[in-house]
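Below are the chains, spelled out letter by letter.
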Amino acid sequence: MACLAACSGGTSGYGHRGIVASDDQVVTYQGYSGTAIVSTDGRTVTVGPFVPPCFGTTTAVAAQTATRVELWLRDTVPARHGVCQVMKAFADSQQIRLQAPLGTRKLADGATGRAVAWISARLVLRPAEMPAGYLLRSRTPDVDFSGPQSPGPAGCVQLYLDDTRTAEHMLYIEQSAGRLRVPAPGPRGWTAIRIRGQPGLATRNLITWREHGLTDYIAVDGPQWPQVLSTGQLIAIADSAPA
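To keep things clear, this report deals only with the structure shown in the data block.

Criteria and thresholds
Going along each chain's sequence as written, the residues are numbered from 1 onward. Where totals are concerned, whole chains, interfaces and linings use all residues; where local detail is concerned, this predicted model gives features only for residues with pLDDT of at least 70, and gives and counts side-chain atom pairs only at 80 or more. Note that water and hydrogens are dropped before the side-chain values are worked out from all heavy atoms of the structure. Classification of residues uses two cut-offs on accessible area relative to the type maximum, computed with a 1.4 Å probe and protein chains only: under 20% is buried, over 50% is exposed, and between them is partly exposed. Helix numbering and strand numbering both begin at the N terminus, where a helix is a DSSP run of H or I of at least 4 residues and a strand a DSSP run of E of at least 2. Strand pairing is assigned whenever DSSP identifies at least 2 bridges connecting the two strands. We count a salt bridge whenever a side-chain nitrogen from Lys or Arg sits within 4 Å of a carboxyl oxygen from Asp or Glu. Where helices are involved, their axes are fitted lines through C-alpha atoms of the stretch in contact, as for all axes, and angles between N-to-C directions lie from 0 to 180°.

Quick look at the pairing of strand β11 (residues 155-162) now. Where burial is concerned, most of β11 is hidden: eight out of the eight residues are buried. Taking every second residue as pointing to the same face, both faces of β11 are buried, with Gly155, Val157, Leu159 and Leu161 on one and Cys156, Gln158, Tyr160 and Asp162 on the other. Of the pairings in the sheet, the one linking strand β10 (residues 134-141) to β11 comprises seven bridges and is antiparallel in character. Paired with serine 138 across the strands is leucine 159, a residue of β11. Sheet topology note: the β11/strand β12 (residues 169-176) ladder contains eight bridges and is antiparallel. By the bridge assignment for β12, leucine 159 is matched with tyrosine 172.

So this is what it looks like as structure tokens:
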């Protein structure tokens, strides 16, 4: 899991897209308009993924007041660099440590003031049992990868990768307060099941259900692929997560 360095801001909002230049670097600030995960104690905010600059680094920071927490991305770019040839891939999530619990304060995009949707970490499924070989590679806020950042419903996406076999198999756990684009069912369609005491649906390599106001699904590869994990194994993964 790639959760990077924690940073916290001061008391007010970073000059509203201000630019700080020196002989060796240029620092700019852009608002963060994605979604977030807030830790159970309210002190840590996880943001991302996002597209970093072609050169340099991006650090997530927060400007905090008594009524709101503004989220910003600080880009630090060398003052002298070549021509950007290839845009970097999405950066993984980063964590921001707040000076005090979020509480009733508003979580907002620092540049626009718009509310940032967030999910409490206590609702994130953390399976205690996984099939042999599957290891957690990332746990990030839900994000629309059609753009570098996209406001939208809160949620969480987890990726587990099994690289112990001849072919790698990716297992996804996705939760969303909005409507998930669940893959189309396999050739045998949907089967009604029970998951964590809730009604759900299953197809080859995938289960889905609703819990705590969230739509959840667990999938390995896809319904159109040959069977990788049985429905029983997927249900066992879900059921092993603490309530």
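Moving on to the environment of alanine 60. For alanine 60, the location among the structural elements is in strand β5 (residues 57-64). According to the relative accessible area criterion, alanine 60 is buried, its value standing at 0%. Separated by 34 residues in sequence, alanine 60 and glutamine 94 place their C-alpha atoms 6.6 Å apart.

This structure, assessed with the given rule, holds three salt bridges. Between arginine 196 and glutamate 211 there is a salt bridge, with the nearest N and O atoms lying 2.8 Å from each other. Taken together, the residues arginine 196 in the loop between β13 (191-195) and β14 (198-203) and glutamate 211 in strand β15 (residues 206-211) connect sequence positions 15 residues apart. Exposure class is identical for arginine 196 and glutamate 211. Each is buried.

Summarising burial for β5: seven of the eight residues are buried, a large majority. In the sheet, β5 pairs with strand β6 (residues 68-78) via eight bridges, with the strands oriented antiparallel. Residue pairing for β6: alanine 63 is matched across the bridge by glutamate 70. Hairpin connection, β5 to β6: the antiparallel pair is bridged by three residues.

This part takes up the sheet that holds β14. Pairing in this open sheet of seven strands is antiparallel, and the strands run β10-β11-β12-β16-β15-β14-β13 from one edge to the other. For this open sheet the edge positions go to β10 and β13, each flanked by a neighbour on one side alone. Within this sheet the neighbouring strands show an average axis-to-axis angle of 20°, counted without direction. Relative to β14, β13 runs antiparallel, the two sharing five bridges.

A separate point is unusual backbone geometry. A negative phi angle characterises most non-glycine residues, just as the trans form characterises most peptide bonds. A cis amide bond links glycine 48 to the next residue, proline 49, at an omega of -10°. Of note, proline 49 is situated in the loop between β4 (44-47) and β5. Positive phi, close to 55°, is recorded for arginine 196, a residue that is not glycine.

In this section: the side chain of serine 240. With respect to the helices and strands, serine 240 occurs in the segment after α1 (231-239). Owing to a relative accessible area of 16%, serine 240 belongs among the buried residues under this scheme.

For the rest of this paragraph, the subject is the sheet that holds strand β7 (residues 94-97). Strand order in this open sheet of four strands is β7-β4-β3-β9, and the pairing throughout is mixed. Bordering the open sheet on either side are β7 and β9 (118-120), each of which pairs with just one other strand. For this sheet the average axis-to-axis angle between neighbouring strands, irrespective of direction, equals 25°. Both β4 and β7 contribute to a ladder of four bridges, which runs antiparallel.

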